[in-house]
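Examining the three-dimensional arrangement
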Amino acid sequence: MHGAPRPDVRDRRPGVRPGPGAGAPARRRPGGALHGPSARGAAEGDGPRRLLGRPDAAVARRRRGGAARRRLRHLQEARDARPGRRRRRADGRPGGDARGRPRARARPGRRRRRRAPGRDRAVRVGTAARRRPAGGRRRLRLQRRDEGGDPDRDRRRPHHAGADRPQHAGRHHLRAVRARGRRPARGGGGVSAVRSICPYCGVGCGVVVEVRRGRIEALRGDPDHPSTRGGLCAKGSRLAGTVRTGDRLLHPLLRARPAEPFRRATWPAAVARVAGGIRRATAEHGPGSVALYLSGQLLTEDYYAANKLGKGLIKTPNVDTNSRLCMSSTVAAYKRAFGADGPPGCYEDLDLAADVLIAGSNLAETHPVLFGRLRAARARRSAHWTVVDPRRTASAEAADEHLQIRPGTDVALLLGMAWTLFEEGLVDEARAGRACAGLDGYRVAVAAMPAGRAAAICEVPEDRIRAAARRFARSPAALSLWCQGLNQSSAGTDKVSALIDLHLLTGQIGRPGAGPLSLTGQANAMGGREVGGLATELACHREWDDPEGRAQVERHWGLGRLPDGPGLTAVELVDAIERRQVRVLWVVCSNPLASLPDGAAVRSALARLDLLVVQELYHPTDTGELAHVLLPAAGWAEKTGTLTNSERVVGLARRAVPPPGEARPDWEVFADVGAALGAPEAFGWLDASQVFDEHVRLTAGRDLDMTALSHAALEAGGPASWPYPAGGRPRARRYEDGRCHTPDGRPRLVAVTFREPAEEPSPTYPLRLLTGREPDQWHTRSRSGRVAALRRSAAPRLALHPDDARRAGVSPGQTALVSSPRGSLRLPVVTSPALRPGSAFLPFHAGPVEQPAGWPNVLPGRALDPVSRQPELKHTVVRVEPAASEVALAGGPLADAVAARLGAAGVRARRVKPAELAGAGPGVLRVLVAEADLDGALAWWDLAPGAGGPVLLDLAAGPEPLALLPSLLAAGRPVACRGERWLPAP
Ligand code: SF4
């Protein structure tokens, strides 16, 4: 039994409408759709359309061009999906032409000439074709159509089910067709309004972008987006500032090694370089020597193409994504409980929940639009909020109850709550046993964690744990929300499982307002999971060890046998690069040098690659600084494609402006490399809608079946939830009938046990470091850092509890040296009573470009969750002390040069004789710089063999080794350098 379709799922609009003041006002039909002259062109969806005024010649030519022809089939579907839709004249009566003028009355005996562009242009194309002498391909198509055949037969892809094997469109033709899709709208003073989706976080806010003359003039929240209803946070409302920045990467750039300057290259040369590097690595070291590192910021089409290229064509299983750092623990926990990934609930539950348990999320600052919705719901109807967080965050401030647990003890708390329910008879065990598998084992696990023990571990009073449990179980509808505070842990999967267990035990699931709902970090992390962007999964939630699933993917792609098993996950990739097992890394839309833990080791590893390809919007970025190849990518508002948000709603983000320079949609780049590697037919898509169609067909029959969706359907009907099978209806809430995707159809209670974080404080490292966001900033700030209005503070600061600051001998405003077993950095200190004593907090955004002497993620270690392989970014042991005010350097001429460079970098460096080093005062770093013979296979940083050997730095390699020097010295590491060729005389 499934719930009725959500009203907002049916309440859709087309994708384009005019901006304010643009001629005749659009009118809304009862169903919410806009119509009228201004709504014409809605089916285009691939760029801004001039909706008012006389179309100029360029636009007219474009409308006659191949872009229309290749969308013939999709537009016909879109039109068919809009029963009863008719064009209207400017005066509101039906039957207007493209500019809203009354249509000329048809004369008897004369065939009416259809002029409307947009959604009816498929018909117009046919007419236009007849007006011109037909030749070549067009004549062939017209002939086929007249014969009743399929005019687009030669455009069908070979992997389309039931399709004939096509004559493949050649690569030059493809490039030309794709280029036409990127042509900017020109001329005229009208404003186009293009619907898109915010690319930052998984809330997935709808955005209306106003475009004039190919530039974004303004944007606003889309009031009719079913998920977010016009809401935008500060990041989303300033998206326009991220598009035309002065540091966009405009052309492919190549170099032989990172020490050399980049030189501009053509796309064919860049594609050849990438394909050549992949071919060489696979020939010499096997397919596993190539890895792709993707991003939850990519569109689903981009993700799909990359996955097919990597796992399908290159045959490397090493295709992973930065979602590994973000949601993989939740993915693993959903699969353990329900047999399939994806949240059971939806945003509507925010409005209906009576008890809200928020664990490991400061959604007031990280998901502000959802927080606003939650707060509005609480204002309408009473709801109790409990926040579980070691910090007193803005969300905790707003809650009714804040359980300020010791960091890393969430499992103990949740088991203690479950124990309370058993002990106080609040569990209907018969019902739980019928509804769920695994009750017996779970009961045993819970029995080991009485509420009193949980209270001692978590360091919160027992009665508050018991009260939270009672509220949860007795509530008419209990909802839980969580994010990275649970996920980014060496016990992340168990934490999420323990939370889901509470829902299953109490029956708080599958009802309005009740259920577990993960708050996805990135905008399209869900879409990436759908296409199989994680190294541990195959496409469409299939598993590597499922023979039938493997066969389905192999048949669908037509590229032969898939790799044998799962690939390397993000942190494991770094290890493999260090071992030289992986030689080629292609990073797309991500900045792993700044975001992965143990950052100095990541930098060292990346420098060992034979080929590092970085596909990015901007230059420079932290990771891009080490690249051999930089490929310019089209970004938000510059390409068309889909995203799936935290509630499984798939939406279409439309191209609003042309990409700058030679930037291209990511899927096109993967397609070109796929063609260069010898499989042009498998990557012969003509536009993003074809990529999406291919992906959607692979979802057939799966838990995420979305075969009802296409770009045209999303244009016609607006965003929609999956599962949404063809002929079915979208389902906003899953498992309402208690059936899920496990072998026996019942959800599973997972018996988990509490374990401490991987690192425990010690006298050397007495503090627990938590990391998180600054308000209004996003990840490594590649995008949000470019918007001046979002910057709140000049420099990141380390927050300490006042007692810890006193103990460490640092005061607010003073620069402290914060060190972990892996590295250190210098930061100004602030004190905050919102922290528990014994813990510190640091925003994680900065990377080596911003903080070359040490950035936040040099501190965390590489401990992984054993199930999800997600690293423990949220818990690191550190020591805080006053930063040395001075560096004393002794040595030969190289020490002089190093002292000068440190001085230029703002570090007070004093040149001394070796005999004077011992006498340097307190707070002075004493450094002896040795010049060494470092010939050999040294990248720019290496460890000399033997315990305690020096760190060898090749200062000739570029700025990185010198930037690393202060943190190495601060850690007391002996250093040897080679740098005469690079360092100028002081
Ligand atoms: S960052 Fe998230 S909450 Fe803010 S506008 Fe974008 S999608 Fe919405």
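Quick caveat: nothing in here was measured; it's all calculated off a predicted structure. (Residues numbered from 1 in each chain as written. Predicted model: local features only at pLDDT ≥ 70, side-chain atom pairs only at ≥ 80, totals over all residues. Heavy atoms only, no water.)

Quick look at the environment of Ala720
Spelled out, the test is: Counting from the N terminus, the helices are the DSSP runs of H or I reaching at least four residues and the strands are the DSSP runs of E reaching at least two.
Tracing the sequence through the fold places Ala720 in strand 21 (residues 720-721). Sequence spacing of Ala720 and Arg648 is 72 residues, and the spatial spacing of their C-alpha atoms is 8.1 Å.

A short note on the sheet that holds strand 20 (residues 649-653)
What counts is decided by this rule: When DSSP finds at least two bridges between two strands, those strands are taken to pair.
With respect to topology, 3 strands assemble into an open sheet ordered 19-20-21, the strand pairing being antiparallel. Looking at which strands have only one partner, the edges of the open sheet turn out to be strand 19 (641-644) and strand 21. With 4 bridges connecting them, strand 19 and strand 20 associate as antiparallel partners. Note that in strand 20 the partner of Thr642 across the bridge is Leu652.

A short note on the pairing of strand 9 (residues 290-294)
In summary, the side chains of a regular strand alternate between the two faces of the sheet. Rule in force here: Relative accessible area decides the class of each residue, using a 1.4 Å probe on protein chains only: under 20% of the type maximum gives buried, over 50% gives exposed, and in between gives partly exposed.
For strand 9, the buried fraction is high: 5 of the 5 residues fall into the buried class. With 4 bridges joining them, strand 9 and strand 16 (residues 584-588) adopt parallel strand pairing. Considered in strand 16, the bridge of Tyr293 is made with Val587. As judged from the 3 bridges shared by strand 9 and strand 10 (residues 319-321), these two strands associate in the parallel manner.

As for the sheet that holds strand 12 (residues 384-388)
The condition that has to hold: Between N-to-C directions, angles span 0 to 180 degrees; the directions come from axes that are lines fitted to C-alpha atoms, helices contributing only their stretch in contact. Two residues qualify as a contact provided that any one of their heavy atoms is within 4.5 Å of a heavy atom in the partner residue.
Spatially, 13-12-11-14-15 is the arrangement adopted by the 5 strands of the open sheet, whose pairing is parallel. Two strands bound the open sheet, and with one partner strand each, they are strand 13 (401-403) and strand 15 (515-518). Neighbour to neighbour, the strand axes of the sheet diverge by 20° on average, direction disregarded. In this sheet, strand 12 lies alongside strand 11 (residues 355-359) in parallel orientation, the contact comprising 5 bridges. Bridge pairing in strand 12 places Asp355 opposite His384. Along the sheet, helix 14 (residues 368-380) makes contact with strand 11, strand 12 and strand 14 (478-482), crossing strand 12 at roughly 145°.

Focus on the site of the ligand
Rules: One heavy atom within 4 Å of a molecule or strand is enough for the residue carrying it to be called near that molecule or strand. Here the nonpolar group is Ala, Val, Leu, Ile, Met, Phe, Trp, Tyr, Cys and Pro; Asp, Glu, Lys and Arg are the charged ones; every other residue, Gly included, is treated as polar.
Every residue lining the ligand is accounted for by Cys198, Tyr200, Cys201, Val203, Gly204, Cys205, Leu232, Cys233, Lys235, Gly236 and Val369. Looking at the shell around the ligand, its residues break down into 8 nonpolar, 2 polar and 1 charged.

Describing the packing of aromatic side chains
Basically, it comes down to this: Two aromatic rings from Phe, Tyr or Trp, using only the six-membered ring of Trp, form a pair when their centres are within 6.5 Å; if the ring planes differ by under 30 degrees the pair is stacked, by over 60 it is edge-to-face, and anything between is tilted. The rule for a charge over a ring is simple: NZ of Lys or CZ of Arg within 6 Å of the ring centre, and within 35 degrees of the ring normal.
On inspection of all chains with the given rule, the structure shows 10 aromatic pairs. Judged by centre distance (5.2 Å) and plane angle (55°), the ring pair of Trp586 and Phe670 falls under tilted. Of this pair, Trp586 sits in strand 16 while Phe670 sits in helix 28 (residues 666-676), placing them 84 residues apart in sequence. In this structure, Trp586 and Phe670 share a single accessibility class: buried. Members of the aromatic cluster, connected to one another through ring pairs, are Tyr304, Trp557, Trp667, Phe683 and Trp685. Here the guanidinium or amino end of Arg391 rests over the ring plane of Phe841, the centre of that ring lying 3.6 Å away.

A word on the nonpolar core
What counts here: Throughout, nonpolar core names a set of buried Ala, Val, Leu, Ile, Met, Phe, Trp, Tyr and Cys residues whose side chains join them through atoms within 4.5 Å.
Within the largest apolar cluster, 63 residues are counted, with the highest numbers of intra-cluster contacts made by Ile278, Leu292, Leu309, Trp586, Leu631 and Phe683. In this structure Leu631 touches Leu249, Pro252, Trp267, Ala270, Val274, Trp586, Val613, Val614, Gln615, Glu616 and Val669, once residues within four positions along its chain are discounted. Counting 55 residues, the second-largest nonpolar core is a separate cluster that includes Ala333, Val388, Ala418 and Val460.

A word on the environment of Ala455
By secondary structure assignment, the location of Ala455 is in helix 19 (residues 451-458). For Ala455, a relative accessible area of 10% puts it in the buried group. Spatially, the C-alpha atom of Ala455 lies 8.9 Å from that of Ile405, the residues being 50 residues apart in sequence.

Observations regarding the packing of helix 16 (residues 410-423) against helix 20 (residues 462-474)
Inclusion rule: Small angles under 35 degrees read as roughly parallel and large ones over 145 as roughly antiparallel, with 65 to 115 read as roughly perpendicular and the rest as oblique. If you view the pair so one helix is near and one far, a crossing is left-handed when the near helix is turned anticlockwise from the far one by less than a right angle, and right-handed when it is turned clockwise.
Direction vectors running N to C along helix 16 and helix 20 enclose 70°, while the axes themselves pass 8 Å from each other. Here helix 16 lies roughly perpendicular to helix 20, going by the angle between them. Where helix 16 crosses over helix 20, the two elements pack in a sense that is right-handed. Along its contact with helix 16, which presents Leu413, Gly416, Met417, Trp419, Thr420, Leu421 and Glu423, the element helix 20 presents Ile465, Arg466, Ala468, Ala469, Arg470, Phe472 and Ala473. When grouped by side-chain class, the residues that make up the contact of helix 16 with helix 20 number 9 nonpolar, 2 polar and 3 charged.

Considerations on the pairing of strand 24 (residues 815-819)
Buried residues dominate strand 24, accounting for 4 of its 5 residues. Where strand 24 folds back onto strand 25 (residues 824-831) in an antiparallel hairpin, the turn is made up of 4 residues. As judged from the 4 bridges shared by strand 24 and strand 27 (residues 876-882), these two strands associate in the antiparallel manner. Paired with Ala816 across the two strands is Pro882, which belongs to strand 27.

Concerning the packing of helix 16 against helix 19
Axes are the key here: two packed helices are described by the angle between their axes and the distance separating the axes. Relative to each other, helix 16 and helix 19 sit at 160°, their axes nearing to 8 Å. Here helix 16 is positioned roughly antiparallel relative to helix 19, judged by the angle of their axes. In this structure, helix 16 meets helix 19 at a crossing whose hand is left-handed. From helix 16, Ala412, Leu413, Gly416, Trp419 and Thr420 reach across to helix 19, where they touch Ala451, Ala454, Ile457 and Cys458. Across the contact of helix 16 with helix 19, the residue classes tally to 7 nonpolar, 2 polar and no charged.

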